[in-house]
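Residues per chain are reported as follows:
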Amino acid sequence: MTVTRRALLIGLGAAGGAGAMYAAMNVLGLAPGEQRSVFEAPRPSDFALRGKSAAKVVILGAGIAGLTCAYELGKAGYDCTILEAADRIGGRNLTLRGGDRLTETTGEKQAARFGEGVYFNAGPARIASWMVTLDYCRELGVPIEPFVNGNASAYIYTSGMKAPVRYRTARADIFGTLSELLAKATSQGALNDTVQESDKELLLDFLRQFGDLGEKTTYEGSERRGFATYPGVEAGTPLPPPPPLSELLGYHLGPALTFDLSSEQAMPMFQPVGGMDSIVTALADMIGRDRIQLSSPVSKVTNLDDGVEITHAGGTIKAGYCVTTLPPHLMAKIPGNLDTRVLAALRAAQPFAAGKLGLEYGRRWWEQEDRIYGGITETDLDIARIWYPSEGFHRPRGLVVGYYNFAADADIYTALKHPARLEKALTQGERVHGPKYRKDLLSSISMAWSNRPHIEGAWANMPPSSLLHEPAGRVYFAGDWLTHLVAWQAGAFESARHVVTSLHARVLKEETE
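Described in the following lines is the structure provided in the data block. (Residues numbered from 1 in each chain as written. Predicted model: local features only at pLDDT ≥ 70, side-chain atom pairs only at ≥ 80, totals over all residues. Heavy atoms only, no water.)

1. Topic: the sheet that holds strand β15 (residues 298–304)
Then, in step 1: Strand order in the open sheet formed by 3 strands is β15-β16-β17, with antiparallel pairing between adjacent strands. Strands with a single pairing partner mark the edges of an open sheet, and in this sheet they are β15 and β17 (315–319). Averaged over all pairs of adjacent strands, the angle between their axes in this sheet comes to 15°, without regard to strand direction.
Then, in step 2: Sheet analysis places β15 next to strand β16 (residues 307–312), joined by 6 bridges and oriented antiparallel. Of the residues in β16, the one forming a bridge with L304 is G307. (Pairing = 2+ DSSP bridges. Helix = DSSP H or I, 4+ residues; strand = E, 2+ residues; numbered from the N terminus. Axes fitted to C-alpha atoms, helices over the stretch in contact; angles between N-to-C directions.)

Put into structure tokens, the structure is as follows:
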């Protein structure tokens, strides 16, 4: 008995639905080519859903997690619609350029007046080399460049210091002083119970090199500290002698000297060329802008027996499934029929405060006078840290991040209006860089993430729970807050992959039953 392709497809459609028929058409090479060409990556990654479906999915939120869900599902043939409450895509992946405007939940308004080519990554700004974010940059064709996270020429400033100290100087002094102490303890037999006699000389040799100790195993400073005037034709001028131990310990250098040792902060790190939102733009272009509905806040989410119904500013939409990537503390406030246990899990989220200030200067004084090319100055002031740009070297203009602070420090600045934030931050920054910190300032803008509409927090911390890793009926949850990479875009990417894999397996199973 001969079965035609037409009869086969009709039979599959009747038995397994449109998804099964579409999958068979794809295998036979009869599926429409448009969907596949729209989602054709320039450099495909090793992640892809196997099998096809034409099921309809509504995704809440056009941040990284939401866009990634639509992108990955779209490659497998799904009919995805993204509802975004804001008037722009990206969520916390927010790059501000000249002409952009900010409106806070308090009604405070700001306008970015940056010059051409100047941008401010108000949200994520760096990517570790092991993070899946770089895989998506490769797949989407987003060019990247180094992000200078640690810089020996940047400063450290704490309340225990008389003046700012270069990172290289502080590191050399603490390494040298601690090495001298350990060497003395070893030589005097204080470590006999711990260090074997045969290992003592090996340890002392290591300490001499690690701390750059002198012949008598003492630290008196070294060229590792840098110079007041660097060598050229003439010999360099050395810095003043290192401070005594009691003063050095009073600097509380631990956090500043170790922040870039974690796997998340260690060099090399990277950033997309031209702004972090290049990732957002590439995802949206691959998905199709017509699939993203902006200014569409959701007012109700209802699980149905055969799908979901979403009520939003533009009307009502029905789909087979829903993936919500909204901040959990905001999702908990949306009416609907989610189980009370699910709502309790969402309400348990703790939004975390963070703030950033962008300072555009007409002269790159940090390069010209301080010889700082990228990197971060760490402080224990309420500005927390100052970032220097890792791009645009030697251009006339540049943007410095005047503060990137968290928790209580961020709350202090969030409570102020922008002019007061700026003045407070400039006053604190002058303690590091002096009067030039105010000079040549062209424009500024500040981000208080707790006041960002439709987000209300830099990120959210969740108590250990597996409940939201599973769907609530036909509603799935995705976001960095459901991973061990909270606050990183990589967390959003990883969560999206987890969710689409689970949803796809369910759809294929239901369509073949």
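2. Description of the pattern of salt bridges
Then, in step 1: Taken as a whole, this structure holds 29 salt bridges when the rule is applied.
Then, in step 2: In this structure, the salt-bridge partner of R421 is E104, at a minimum N-O distance of 2.9 Å. Here the residue R421 occupies a position in helix α14 (residues 418–433), and E104 occupies one in the loop between β4 (101–103) and β5 (109–111), the gap between them amounting to 317 residues. As far as burial versus exposure is concerned, R421 and E104 are alike and both buried.
Then, in step 3: The network of salt bridges with common partners includes R363, E369, D370, K436 and D440. (Salt bridge = Lys/Arg side-chain N within 4 Å of Asp/Glu carboxyl O. Buried < 20%, exposed > 50% of the residue type's maximum accessible area, 1.4 Å probe, protein only.)

3. A closer look at the packing of helix α4 (residues 132–140) against helix α15 (residues 489–512)
Then, in step 1: Look at α4 against α15: their axes get within 8 Å of each other, and the N-to-C directions meet at 75°. As the angle between them shows, α4 and α15 are arranged roughly perpendicular. Residues V132, T133 and Y136 of α4 touch α15, and the partners they reach there are Q489, A490, F493, E494 and R497.
Then, in step 2: Taken together, the residues of the contact of α4 with α15 sort by class into 4 nonpolar, 2 polar and 2 charged. (Parallel < 35°, antiparallel > 145°, perpendicular 65-115°, else oblique. Contact = heavy atoms within 4.5 Å. Nonpolar A, V, L, I, M, F, W, Y, C, P; charged D, E, K, R; others polar.)

4. What about a nonpolar patch on the surface?
Then, in step 1: Residues L178, L181, L245 and L249 make up a contiguous nonpolar surface patch of about 340 Å² in total accessible area.
Then, in step 2: Counting residues per element, the ones that place at least two in the nonpolar patch are α5 (167–187) and α7 (245–249).
Then, in step 3: Locating L178 in the fold gives a position in helix α5.
Then, in step 4: Residue classification places L178 among the partly exposed residues on the basis of a relative accessible area of 45%. (Patch = residues over 30% accessible without salt bridge, like charges linked within 9 Å, V, L, I, M, F, W, Y side chains within 5 Å. Areas by Shrake-Rupley, 256 points an atom, 1.4 Å probe, with all protein chains shown as cover.)

5. Quick notes on the pairing of strand β2 (residues 79–83)
Then, in step 1: Burial runs high along β2: 4 of the 5 residues are buried.
Then, in step 2: Sheet analysis places strand β1 (residues 56–60) next to β2, joined by 5 bridges and oriented parallel. Opposite V58, over in β2, you have T81 as the bridge partner.
Then, in step 3: Considered for its hand, the β-α-β crossover made up of β1, helix α3 (residues 64–75) and β2 is right-handed.
Then, in step 4: Taken together, the 2 bridges between β2 and strand β14 (residues 292–293) define a ladder with parallel strand orientation. Residue pairing for β14: I82 is matched across the bridge by I292. (Right-handed = clockwise from strand over helix to strand, strands pointing away.)

6. Describing the sheet that holds strand β13 (residues 269–272)
Then, in step 1: Strand order across the open sheet formed by 3 strands is β7-β13-β8, with antiparallel pairing between neighbours. The sheet is open, and its two borders are formed by β7 (127–128) and β8 (144–147), each paired with just one other strand.
Then, in step 2: Where β7 lies against β13, 2 bridges are found, and the strand directions are antiparallel. Looking at the pairing, I127 lines up with F270 of β13.

7. Re the environment of R43
Then, in step 1: For R43, the location among the structural elements is in the loop between α2 (33–38) and β1.
Then, in step 2: Relative accessible area serves as the criterion here: at 52%, R43 is assigned to the exposed category.
Then, in step 3: Separated by 306 residues in sequence, R43 and A349 place their C-alpha atoms 37 Å apart.

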